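Next come the chains, spelled out residue by residue.
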Amino acid sequence: DGVAPGRGIKCRLCTKALKKIQALAGDDPDESAVVAALQKGCKMLGRAKGRLCQQLVNKYRDQIIEGLQNGDMPRDICAALGICRS
């Protein structure tokens, strides 16, 4: 589907990580709930993916927090970050 090499993997990881984080943060998370979920969510992905997840979180932390607080879908957040194609 015209995805740059490696792009699909990053998109899947981003979406998967944010789904976990979203589930951990709950339905109407405040910032501290999202931050706690960011830390836990990456650990749940295992060591290698967890490290990539952590880099993602460090780089896009504010956008991820804002997206989750707005109730955006993980895929949409990843697209907004330029990791997935919308």
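Calculation criteria
- Residues numbered from 1 in each chain as written.
- Predicted model: local features only at pLDDT ≥ 70, side-chain atom pairs only at ≥ 80, totals over all residues.
- Heavy atoms only, no water.
- Disulfide = S-S within 2.5 Å.
- Helix = DSSP H or I, 4+ residues; strand = E, 2+ residues; numbered from the N terminus.
- Buried < 20%, exposed > 50% of the residue type's maximum accessible area, 1.4 Å probe, protein only.

Per an unreviewed UniProt entry, the recorded name for the chain is SAP protein, and the organism is Ptilorrhoa leucosticta.

**Considering the state of the cysteines**
Throughout the structure, instances matching the rule amount to 3 disulfides. Bridging cysteine 11 to cysteine 84, the disulfide has an S-S length of 2.0 Å. Taking the sign of the torsion about the S-S bond as the criterion, the disulfide between cysteine 11 and cysteine 84, at about 105°, is right-handed. Remark: cysteine 84 occurs in the segment after α4 (74-80) and cysteine 11 occurs in helix α1 (residues 7-25); sequence separation between them is 73 residues. Here cysteine 11 and cysteine 84 have matching classes, each one buried. Between the sulfur atoms of cysteine 42 and its disulfide partner cysteine 53 the distance amounts to 2.0 Å. With the S-S dihedral at roughly -70°, the linkage between cysteine 42 and cysteine 53 falls on the left-handed side. On the criterion of sequence distance, the pair formed by cysteine 42 in helix α2 (residues 31-43) and cysteine 53 in helix α3 (residues 47-69) is long-range, its members being 11 residues apart. This pair shows no difference in class: cysteine 42 is buried, exactly as cysteine 53 is. Once the disulfide-bonded cysteines of the chain are ranked by sequence position, their pairing pattern turns out to be 1-6, 2-5, 3-4.

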